[in-house]
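Here are the chains, one letter per residue:
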Amino acid sequence: MPFSILAQYCKGFSLAKFIFDPTQLPVTSLAGEAPVAPARLIPAALRARFAQTLPWEEEASDEGRGMTGATLRRASVLVPLVARPEGVTVLLTLRTDHLSSHAGQISFPGGRAEELDSSPIETALRETEEEVGLHRRHIEIIGVLPDYTTVSAYRVTPVVALVQPPFELQPDPGEVAEAFEVPLSFLMDGLNHQRRVFELPQGAGRRAFYTMPYEQYFIWGATAAMLRNLFHFLRA
């Protein structure tokens, strides 16, 4: 189960860490927008969209509420769009259960920036190769999405790339329990975007988040939020 431990600052005081299981929270609503047209989800169209400058609006998230720039650490993730003959898929990872943060959750490959990284793109490429063994020769960077602030105090740059098969993955067993792919068409359909809400302790309010369950995989939190921004970007 993708249990989450949340520590949040709110209303001027620190909330104690508490554990919750997002899969047990009820679905309050569906986002419900029409799916992105299939013609926009092929590699040539994805390249063309990132080459354009069109007005669009990223979606505000509750996760980074109250975080300030001075306290945030830099990180990057790769949003790997795999160019399969039957349709583009998104490569995701299931994190191992013993990690100190986001254990057992579904993520994009990526991680914190290091001093030797020349850019957020370099961070995403390095971390992807370290985590899942995907070499950069298979990766074509096509753009970036707006930075996303996480509750764990990271400012994350989502780096979007097309990935050309064939390739073999070698997940790091210390970090990745499984690497898998989800059809981009499923993730780019607003009817598959669920909203759920949990109550913060000490009467500190509510936090809303998105989930995108697919088969046995429960995609939620920052990963789902970044996919929502990709959805808005492609619909522009």
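About the cut-offs
Residues numbered from 1 in each chain as written. Predicted model: local features only at pLDDT ≥ 70, side-chain atom pairs only at ≥ 80, totals over all residues. Heavy atoms only, no water. Pairing = 2+ DSSP bridges. Helix = DSSP H or I, 4+ residues; strand = E, 2+ residues; numbered from the N terminus. Axes fitted to C-alpha atoms, helices over the stretch in contact; angles between N-to-C directions. Buried < 20%, exposed > 50% of the residue type's maximum accessible area, 1.4 Å probe, protein only. Arc of directions from axis to C-beta. Contact = heavy atoms within 4.5 Å. pLDDT = per-residue confidence, 0-100.

Strand pairing in a sheet relies on backbone hydrogen bonds. The paired strands run either parallel or antiparallel. Pairing is antiparallel across the open sheet formed by four strands, whose spatial order is β5-β14-β15-β16. This sheet does not close on itself; its edge strands, each paired only once, are β5 (27–30) and β16 (217–220). Strand-to-strand twist in this sheet, taken as the mean axis angle between neighbours without regard to direction, amounts to 35°. As judged from the four bridges shared by strand β15 (residues 206–214) and β16, these two strands associate in the antiparallel manner. The residue bridging Pro213 from the neighbouring strand is Phe218, located in β16.

Residues of helix α1 (residues 43–51) that are buried: Leu46, Arg49 and Phe50. Viewed end-on, α1 has its buried residues packed into an arc of 95°, placing them on one side of the element. On its buried face, α1 sits against β6 (73–84), β7 (87–95), β10 (139–144), β12 (154–163), α3 (184–187) and α4 (221–235).

So, about the confidence of the model for the protein chain. The predicted model of the protein chain has a mean per-residue pLDDT of 88, with 84% of residues at 70 or higher. Low pLDDT, under 50, characterises residues 5–16; the stretch is placed with 36 contacts to residues that sit more than four places away or in other chains.

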